[in-house]
Amino acid sequence: MRVREAKDFLVAQTAEQAALEGVPLSDLEKRMMYFTESGYVPEDPIKLNEEFEAEYDTPEYEAKISRLLHHVYHRLRKENDAAHKNWDQAIRCLRRGDHYLLVMWDLTPPGERPPGDSLRLFASALGVIAVLFLGIFLSRKFEPQWRWLQKHIPQPNPHVLLGVFIAFILTGLVFQRPLETLSGGSLTAWCSAL
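Here the structure is a predicted model, which means the values were calculated and not measured.

Okay, the pattern of salt bridges next. Across all of its chains, the model carries 8 salt bridges by this definition. A salt bridge links Glu29 to Lys64; its shortest N-O distance comes to 2.9 Å. Within this pair, whereas Glu29 is found in helix α2 (residues 27-32), its partner Lys64 is found in helix α4 (residues 58-79), the two being separated by 35 residues in sequence. Given the relative accessible area of 4%, Glu29 is considered buried. Across the pair Asp106 and Arg95 runs a salt bridge, and its minimum N-O distance is 2.8 Å.

Given below as structure tokens:
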């Protein structure tokens, strides 16, 4: 898939979603989705940006398009496997460049959480509570064995534990996007709930 095909597909799907939701989407808003500072643009990017800035509030527009893009993605995931694969391919194609459409795709729509997010957060909390209760139960049940372990196994070096903890945090920061992808976005929800 080429950049122009990818953008045509994403813009068409976004326009279709806007029509389904009854959200007005002007021609200028659609044209602005093609904006990029480097690479092919169907029209002069400076004039397009000036025309857009004169008529629209950028943060409001970005939130609107981001919301529509995410709604399209969820709809395609449920309804049409082929279109969903095209969507993923189009996003991958655009990731090779610097495109305004990706800025809006990467935004989390304000006031929206992914479907099932609250349920995942609640299940995670219940899991943590269950592990704590299990730990308390096991520590009481196996207290003699714990004492034996404490005598025969040396205590860990606190510097090593601190190093492992710091490595864990840095790994989370460096690989944030892949970890979010693996956790289905629940990692971000869990962190934001803290």
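Still more to cover.
Before going further, it helps to spend a moment on the packing of α4 against helix α5 (residues 81-94). Close contact between α4 and α5 brings their axes to 6 Å; oriented N to C, the two are set at 140 degrees. Considering the angle they form, α4 stands oblique to α5. Along this stretch, α4 crosses α5, giving a crossing that reads as left-handed. Between α4 and α5, the contacting residues are Leu69, Val72, Tyr73, Leu76, Arg77 and Glu79 on the first element and Asp81, Ala83, His84, Trp87 and Asp88 on the second. For the contact of α4 with α5, the class distribution of residues is 6 nonpolar, 1 polar and 4 charged.

Another aspect to go through is the packing of aromatic side chains. One pass over the structure, following the stated rule, counts 7 aromatic pairs. Considering the side-chain rings of Tyr73 and Trp87, the 6.3 Å spacing of their centres and the 50 degrees angle between planes classify their relative orientation as tilted. One end of the pair, Tyr73, is in helix α4; the other, Trp87, is in helix α5, and 14 residues separate them in sequence. Taken individually, Tyr73 and Trp87 each receive the classification buried, so the pair is uniform in this respect. Each ring, one from Trp87 and one from Trp105, has its centre 5.5 Å from the other, and the planes form 65 degrees; the classification is edge-to-face. Pair noted here: Trp87 is in helix α5 and Trp105 is in helix α6 (residues 100-106), with a separation of 18 residues, a long-range link. Judged by relative accessible area, which is 1%, Trp87 ranks as buried. Ring pairing ties together the aromatic residues Phe35, Phe52, Tyr56, Tyr61 and Tyr100, which thus form one cluster.

Reading the values: the criteria
Residues numbered from 1 in each chain as written. Predicted model: local features only at pLDDT ≥ 70, side-chain atom pairs only at ≥ 80, totals over all residues. Heavy atoms only, no water. Salt bridge = Lys/Arg side-chain N within 4 Å of Asp/Glu carboxyl O. Helix = DSSP H or I, 4+ residues; strand = E, 2+ residues; numbered from the N terminus. Buried < 20%, exposed > 50% of the residue type's maximum accessible area, 1.4 Å probe, protein only. Axes fitted to C-alpha atoms, helices over the stretch in contact; angles between N-to-C directions. Parallel < 35°, antiparallel > 145°, perpendicular 65-115°, else oblique. Left-handed = near helix turned anticlockwise from the far one by under 90°. Contact = heavy atoms within 4.5 Å. Nonpolar A, V, L, I, M, F, W, Y, C, P; charged D, E, K, R; others polar. Phe/Tyr/Trp six-rings, centres within 6.5 Å; stacked < 30°, edge-to-face > 60°.

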